[in-house]
Amino acid sequence: MTLEFRDIGLRQGNFSLQANMSLRRGGRYAVIGASGSGKSTLLSLVGGFLTPDQGGLVWDGQNITDLAPGQRPVSMLFQHHNLFPHLTVKQNIGMGLRPDLRLSRTQQDQVTRVLDQVGLAGMQERRPGALSGGQQSRVALARVLLRARPLLLLDEPFAALGPALKAEMLALLSRIAADTGATVLMVTHDPADARSFAPDTVLVDEGRVHPPCPTGPLLDNPPPGLRAYLG
């Protein structure tokens, strides 16, 4: 099973994005490039928040180009996690199963199990404001884990965390990806994150999405545009 970008073209004002590549199911990919190069735009295309002007997006043989975001096999995780401050940890996670939170006993048991998986056992009645940044990240990851979608998109989800906590969250994300078999696309500005998490990296350079290549060699010998960005 693959995610195919078939001659994708998108134009927004003076900016254009082109992508023509395939990503294998279960792969972990970093998405890296200079600010404004089109990294978040790429994720928005996969998530269904943008529609290409040409070409198509195909998952496992199904054309998903015109599907609404909620109909796609996709979960997204952003830097600010999109947690609801008035809801408890348990409720925030439960929304991954049912937005109306009318959970069956089986679904409530699923929430309890996933809390334990991400190290939040006993915190189910807390609200996000009472959690540390790392704990909030775990809540967001728990919701993603519960949704069990085969495509996971992350837009710099741990950028605000310190190095040690970030490494811990990347390790947890790796375990979740391995357990679920999800295909992961993670936008990052930190080459260390790409090296530690993603065997392959997708370079986005001035609106052109390059097919994935091994992360280590790319970062060891980056092309001029990426070299200038990394410094």
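Owing to the predicted nature of the structure, the values given are computational and were not obtained by experimental measurement.

Calculation rules
- The residue count restarts for each chain, going from 1 along the sequence in the order it is written.
- Reporting of local features is limited, given that this is a predicted model, to residues whose pLDDT is at least 70; pairs of side-chain atoms are given and counted only at 80 or more, and all residues count toward the totals for whole chains, interfaces and linings.
- Computation of side-chain values covers all heavy atoms of the structure but excludes hydrogens and water.
- Numbering of helices and strands starts at the N terminus; helices are DSSP runs of H or I of at least 4 residues and strands are runs of E of at least 2.
- In this treatment the radius of gyration is a C-alpha quantity, and the globule benchmark scales as 2.2 Å times the residue count to the 0.38 power.
- The contact definition used throughout considers only heavy atoms, calling two residues in contact when any of these lie within 4.5 Å.
- Computed with a 1.4 Å probe, the accessible areas rest on the Shrake-Rupley method; for each residue, only the protein chains presented here act as cover.
- Only four residue types enter the charge count, namely Lys and Arg as positive and Asp and Glu as negative; His and the chain termini do not.
- Every charge is mapped to an atom, namely NZ of Lys, CZ of Arg, CG of Asp or CD of Glu.
- As a rule, the C-alpha atoms of each element are fitted with a line to give its axis, helices using only the stretch in contact, and angles between N-to-C directions run from 0 to 180 degrees.
- Convention used here: angles under 35 degrees read as roughly parallel, angles over 145 as roughly antiparallel, angles from 65 to 115 as roughly perpendicular, and any remaining angle as oblique.
- When residues are grouped by polarity, Ala, Val, Leu, Ile, Met, Phe, Trp, Tyr, Cys and Pro land in nonpolar, Asp, Glu, Lys and Arg in charged, and all others, Gly among them, in polar.
- Handedness of a helix crossing follows the sense of rotation of the near helix relative to the far helix, less than a right angle counterclockwise being left-handed and clockwise being right-handed.
- Partly exposed describes any residue whose relative accessible area lies between the buried limit of under 20% and the exposed limit of over 50%, with all areas from a 1.4 Å probe on protein chains only and scaled to the type maximum.
- Polar contacts, as counted here, are pairs of nitrogen or oxygen atoms within 3.5 Å of one another; within protein the pair requires one atom able to donate a hydrogen and one able to accept it, and residues that are adjacent in sequence qualify only if both atoms are side-chain atoms.
- Any carboxyl oxygen of Asp or Glu that lies within 4 Å of a side-chain nitrogen of Lys or Arg is treated as forming a salt bridge with it.
- Any pair of Phe, Tyr and Trp rings, taking the six-membered ring for Trp, is counted once the centres come within 6.5 Å. Such a pair is stacked with planes under 30 degrees apart, edge-to-face with planes over 60 apart, and tilted for the rest.
- A ring has a charge above it when a Lys NZ or an Arg CZ is no more than 6 Å from the ring centre and no more than 35 degrees off the ring normal.

**Student:** Give me the lowdown on the overall build of the chain, citing residues and values where you can.
**Tutor:** When its secondary structure is counted, the chain shows 8 helices and 11 strands. Since a compact globule built from 231 residues should have a radius of gyration of about 17 Å, the 18 Å found for the chain is in line with a globular shape. On the principal axes, the C-alpha backbone points of the chain span a range of 50 × 40 × 30 Å. Long-range pairs, those at least 24 residues apart, make up 67% of the contacts in the chain with a sequence separation of at least 6. Surface exposure of the chain reaches about 10,800 Å², of which carbon and sulfur atoms provide 48%. Averaging the coordinates of the 23 positive side-chain charges in the chain and doing the same for the 19 negative ones gives two points 6 Å apart.

**Student:** Got a sec to walk through the packing of helix α4 (residues 133-147) against helix α5 (residues 163-180)? Specific residues and values, please.
**Tutor:** At a closest axis distance of 11 Å, the pairing of α4 and α5 adopts a crossing angle of 10°. One way to sum up the angle between α4 and α5 is to call them roughly parallel. On α5, the residues that touch G134, S137, R138, L141 and L145 of α4 are L165, E168, M169, L172, L173, I176 and T180. Residues of the contact of α4 with α5, tallied by class, amount to 7 nonpolar, 3 polar and 2 charged.

**Student:** Describe the packing of helix α3 (residues 105-117) against α4, naming the residues involved and giving the relevant values.
**Tutor:** Closest axis-to-axis distance for the α3/α4 pair is 10 Å, and the angle between their directions is 130°. The angle between the axes of α3 and α4 places the two elements in the oblique class. The two elements α3 and α4 cross, and the hand of that crossing is right-handed. From α3, Q110, V111, V114 and Q117 reach across to α4, where they touch A142, L145 and L146. Counted by class, the contact of α3 with α4 contains 5 nonpolar, 2 polar and no charged residues.

**Student:** Go over the side chain of T65 with me, naming the residues and quoting the values.
**Tutor:** The topology assignment puts T65 in the loop between β5 (62-63) and β6 (74-78). A relative accessible area of 9% places T65 in the buried class. At 2.8 Å, the side chain of T65 and the backbone nitrogen of L57 are in polar contact. Other than its neighbours up to four places away in sequence, T65 contacts T51, P52, G55, G56, L57 and R72.

**Student:** I'd like a description of the pattern of salt bridges, backed by residues and values.
**Tutor:** This model, assessed by the stated rule, comprises 8 salt bridges. Across the pair K166 and D190 runs a salt bridge whose closest N-O atoms are separated by 3.1 Å. Highlighted residues: K166 in helix α5 and D190 in the loop between β8 (183-187) and α6 (191-197), separated in sequence by 24 residues. According to the relative accessible area criterion, K166 is buried, its value standing at 10%.

**Student:** Describe in detail the packing of aromatic side chains, supporting the description with residues and values.
**Tutor:** Within this structure, the stated rule accounts for 0 aromatic pairs. The side chain of R28 reaches across the aromatic face of F197, ending 5.1 Å from its centre.

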